[in-house]
Amino acid sequence: QVQLVESGGGLVQPGGSLRLSCAASASLFSFYAMGWYRQAPGKQRELVAAIFRSGSTDYQDSVKGRFTISRDNAKNTVYLQMNSLKPEDTAVYSCNAVERGGALTTTYWGQGTQVTVSS
């Protein structure tokens, strides 16, 4: 069973920065893709950023130019650098990993970390 452990959330003022980390218990090469999702109160969970095995990345339009997803394969860790944070970025951020083996797809989730952007 793969485990994902997030860290780095907290309270930050508008315009500030945070870096989230997601440490996996397996090699990142095991996964087809890893991503960061967020869910704000009363809203559906949404994909923020994803990084694929190939190294390519994808971002939600609202965070393009502000957030950067990256990975350290040696540490089995994926990061989300968040700059120029806005109050609307406030949410619980969760790490996700997708494993594909033949016809079987397995998805893993971390426990989530709270990000609050407020003055």
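Use the structure listed above.
Figured I'd write up the structure that's included with this text.

1. Observations regarding the nonpolar core
Working step 1: Membership of the largest hydrophobic core comes to 31 residues, with the highest contact counts inside it found for Leu4, Phe31, Met34, Trp36, Leu80, Met82 and Tyr93.
Working step 2: Looking at this core, the elements that each hand over two or more residues are strand S3 (18–24), strand S4 (33–39), strand S5 (46–52), strand S7 (67–72), strand S8 (77–82), strand S9 (91–101) and strand S11 (113–117).
Working step 3: Excluding residues within four positions of it along the chain, Leu4 makes contact with Cys22, Ala23, Ala24, Met34, Cys95, Asn96, Ala97, Tyr108, Trp109, Gly110 and Gln111.

2. Looking at the pattern of salt bridges
Two side chains with opposite charge may pair up if their charged atoms get near one another.
Working step 1: Across all of its chains, the model carries four salt bridges by this definition.
Working step 2: Arg38 is paired through a salt bridge with Glu46; the nearest N and O atoms lie 2.7 Å apart.
Working step 3: Looking at Arg38, the relative accessible area reads 6%, which means it is buried.
Working step 4: For Glu46, a relative accessible area of 32% puts it in the partly exposed group.
Working step 5: Note that Arg38 is salt-bridged to Asp89, the shortest N-O span being 2.9 Å. Here the residue Arg38 occupies a position in strand S4, and Asp89 occupies one in the loop between S8 and S9, the gap between them amounting to 51 residues.
Working step 6: Exposure remark for Asp89: the relative accessible area of 0% places this residue in the buried category.
Working step 7: One connected set of salt bridges, linked through shared partners, spans Arg38, Glu46, Arg66 and Asp89.

About the thresholds
- Residues numbered from 1 in each chain as written.
- Predicted model: local features only at pLDDT ≥ 70, side-chain atom pairs only at ≥ 80, totals over all residues.
- Heavy atoms only, no water.
- Core = buried A, V, L, I, M, F, W, Y, C linked by side-chain atoms within 4.5 Å.
- Buried < 20%, exposed > 50% of the residue type's maximum accessible area, 1.4 Å probe, protein only.
- Helix = DSSP H or I, 4+ residues; strand = E, 2+ residues; numbered from the N terminus.
- Contact = heavy atoms within 4.5 Å.
- Salt bridge = Lys/Arg side-chain N within 4 Å of Asp/Glu carboxyl O.

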